[in-house]
Amino acid sequence: EHYGTPRGAACYSSTDLYNWKNEGVVMEKGTIETFERPKVIYDEINRKYVMWFHYDGNGYTLAELGVAVSDNPRGPFILKDHYRPNGHESRDIGLYVDPETRTAYIGYAADHTNRTVRMVELSADYMRTTSNDVDIQAHCEGPGILKKNGVFYLLTSQCSGWTPNPGTFYTASNIMGPFASHGSPFIGDAGNNSYNSQPCYIFKIPGYKDAYLYMGDRWNGSGRSASQYVFLPITITADSTMEIHWYKEWDLSFFTPERKRPAR
Ligand code: GAL
């Protein structure tokens with residue numbers, strides 16, 4: 001996020017999720033006062049990397065989406081626009097590309113200071129929000145999205161600033177809702193605080209079957225540079241329940257490798 005020097009969005013790269021290389025700041029925040037929750041997706045048709053993020057002032061009252069673009073994931077990303085989608089407040093965001101349709105969506109903590117969560121569809125080049133924008137009847141922040149067997153799962157935190165709280169997962173058969181709430185997926189979460197983390201993103205790990213990675217921010221009180229990440233495997237059970245168990249240590253052998261196509 002926006003702390004550290006130079007300030008802006010930092011990029012780390014990895015080929016195995018264990019070893020990470022610091023690629024530096026890929027977008028400097030310049031005069032943007034609050035720059036949070038950057039997410040990047042790749043537009044395969046135009047070969048552009050598109051970043052969406054929370055663009056705000058120091059008091060969190062602008063409540064806008066920002067969009068920036070680059071030819072390279074290592075940047076530099078150039079700011080293209082910032083605004084309230086269809087006039088709605090927007091703070092924490094979850095950016096999601098449907099793997100089957102390649103259509104992209106942003107789930108965003110919206111009006112009345114995050115009292116609602118909205119889902120907005122993006123244009124085909126991922127550069128603009130469209131007017132397909134609905135209130136999905138949730139109250140939360142930090143939205144992460146995954147899809148399995150035609151069911152969409154939305155994982156969120158509640159709203160308590162930098163202090164962690166119990167997460168909630170929702171399910172729907174259409175990404176635009178309606179979503180049903182199912183409570184916390186964090187199993188045996190003694191602190192009732194999502195293992196001291198806040199959902200940031202759900203990453204589908206390539207090369208493994210149904211391998212979804214929970215990426216949570218452990219803000220350590222303030223969201224500054226002492227913040228850490230919590231990475232845990234997400235399990236979707238046969239009855240469409242999301243479960244996240246605590247493991248002090250785990251590795252990718254947790255997941256089943258996808259069968260490689262036989263060589264011709
Ligand atoms: C969190 C939110 C962060 C940041 C913080 C400010 O709940 O997820 O991105 O906005 O509040 O207090």
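Residues numbered from 1 in each chain as written. Predicted model: local features only at pLDDT ≥ 70, side-chain atom pairs only at ≥ 80, totals over all residues. Heavy atoms only, no water.

A.B. asks: Please provide a residue-by-residue account of the overall build of the protein chain, values included.
C.D. replies: Scanning the protein chain for helices and strands turns up one helix and 20 strands. Radius of gyration (C-alpha) of the protein chain: 18 Å, near the 18 Å computed for a compact globule of 264 residues. Dimensions of the protein chain, computed from C-alpha atoms along their principal axes, come out at roughly 45 × 45 × 40 Å. Contacts in the protein chain between residues at least 24 apart in sequence constitute 41% of all its contacts with a sequence separation of at least 6. Only carbon and sulfur atoms are counted for the fraction: they give 49% of the accessible area of the protein chain, which is about 13400 Å². Taking the average location of the 26 positive side-chain charges in the protein chain and that of its 30 negative ones, the two points are 5 Å from each other. (Helix = DSSP H or I, 4+ residues; strand = E, 2+ residues; numbered from the N terminus. Rg over C-alpha atoms; globule rule 2.2 N^0.38 Å. Contact = heavy atoms within 4.5 Å. Areas by Shrake-Rupley, 256 points an atom, 1.4 Å probe, with all protein chains shown as cover. Lys, Arg positive; Asp, Glu negative; His and termini not counted. Charge placed at Lys NZ, Arg CZ, Asp CG, Glu CD.)

A.B. asks: If you had to explain the site of the ligand to someone new, which residues and values would you point to?
C.D. replies: What surrounds the ligand is the set Glu36, Arg37, Tyr60, Asp92, Glu141, Gly161, Trp162 and Gln198. Between the ligand and Arg37, the relevant distance is 3.0 Å, taken from an oxygen atom to a side-chain nitrogen or oxygen of the residue. Protein chains bury 88% of the 310 Å² of accessible surface belonging to the ligand in isolation. In terms of residue class, the shell around the ligand is built from two nonpolar, two polar and four charged. (Near = heavy atom within 4 Å. Polar contact = N/O pair within 3.5 Å; in protein donor to acceptor, adjacent residues only side chain to side chain. Nonpolar A, V, L, I, M, F, W, Y, C, P; charged D, E, K, R; others polar.)

A.B. asks: Which residues make up the packing of aromatic side chains, and what values go with them?
C.D. replies: Summed over the entire model, instances satisfying the criterion amount to 15 aromatic pairs. With centroids separated by 6.2 Å and ring planes inclined at 40°, the aromatic side chains of Phe53 and Tyr55 adopt a geometry described as tilted. Its relative accessible area of 0% is what places Phe53 among the buried residues. A centroid spacing of 5.3 Å and a plane angle of 90° characterise the contact between Phe186 and Tyr195, whose relative ring orientation is edge-to-face. Given a relative accessible area of 5%, Phe186 falls into the buried group. Look at Tyr195 and you get buried, because its relative accessible area is 8%. Site record: aromatic cluster; members linked through ring pairs are Tyr208, Tyr247, Trp250, Phe254 and Phe255. Its guanidinium or amino end placed over the ring of Tyr212, Lys204 lies 5.6 Å from that ring's centre, counting from NZ or CZ. (Phe/Tyr/Trp six-rings, centres within 6.5 Å; stacked < 30°, edge-to-face > 60°. Buried < 20%, exposed > 50% of the residue type's maximum accessible area, 1.4 Å probe, protein only. Lys NZ or Arg CZ within 6 Å of the ring centre and 35° of its normal.)

A.B. asks: Hey, could you go over the sheet that holds strand β11 (residues 141–148) for me, with residue numbers and the actual values?
C.D. replies: Backbone-to-backbone hydrogen bonds pair the strands of a sheet. The strands run either parallel or antiparallel. Ordered by their spatial adjacency, four strands build an open sheet running β11-β12-β13-β14, and the pairing between neighbours is antiparallel. The open sheet is flanked by β11 and β14 (180–181), the only strands paired with a single partner. In the sheet, strand β13 (residues 168–172) pairs with β14 via two bridges, with the strands oriented antiparallel. When the sheet's bridge partners are listed, Thr171 is paired in β14 with Ala180. (Pairing = 2+ DSSP bridges.)

A.B. asks: Which residues make up the environment of Ala110, and what values go with them?
C.D. replies: Inspection of the secondary structure puts Ala110 in the loop between β8 (104–109) and α1 (111–114). In this structure the C-alpha to C-alpha distance between Ala110 and Val67, which are 43 residues apart in sequence, comes to 17 Å. Among all residues touching Ala110, those that are not within four sequence positions of it are Glu89, Arg91, Arg115, Thr116, Val117 and Arg118.

A.B. asks: Just give me the short version of the sheet that holds strand β4 (residues 48–56), but keep the residues and values in it.
C.D. replies: With antiparallel pairing, four strands are arranged side by side in an open sheet as β3-β4-β5-β6. This sheet does not close on itself; its edge strands, each paired only once, are β3 (34–43) and β6 (78–83). Taken over all neighbouring pairs, the strand axes of this sheet differ in orientation by 20° on average, direction set aside. Sheet analysis places β3 next to β4, joined by eight bridges and oriented antiparallel. (Axes fitted to C-alpha atoms, helices over the stretch in contact; angles between N-to-C directions.)

A.B. asks: Quick one: what's the story with the side chain of Arg218, residue by residue and with numbers?
C.D. replies: Structurally, Arg218 is set in strand β17 (residues 212–218). For Arg218, which is buried and forms no salt bridge, the nearest opposite charge comes from Asp189, at a distance of 8.2 Å. Engagement of the side chain of Arg218 in a polar contact is seen with the backbone oxygen of Tyr195, the distance being 2.7 Å. Excluding residues that lie within four positions of it along the chain, Arg218 makes contacts with Tyr195, Asn196, Ser197, Ser227, Gln228, Val230 and Trp246. (Salt bridge = Lys/Arg side-chain N within 4 Å of Asp/Glu carboxyl O.)

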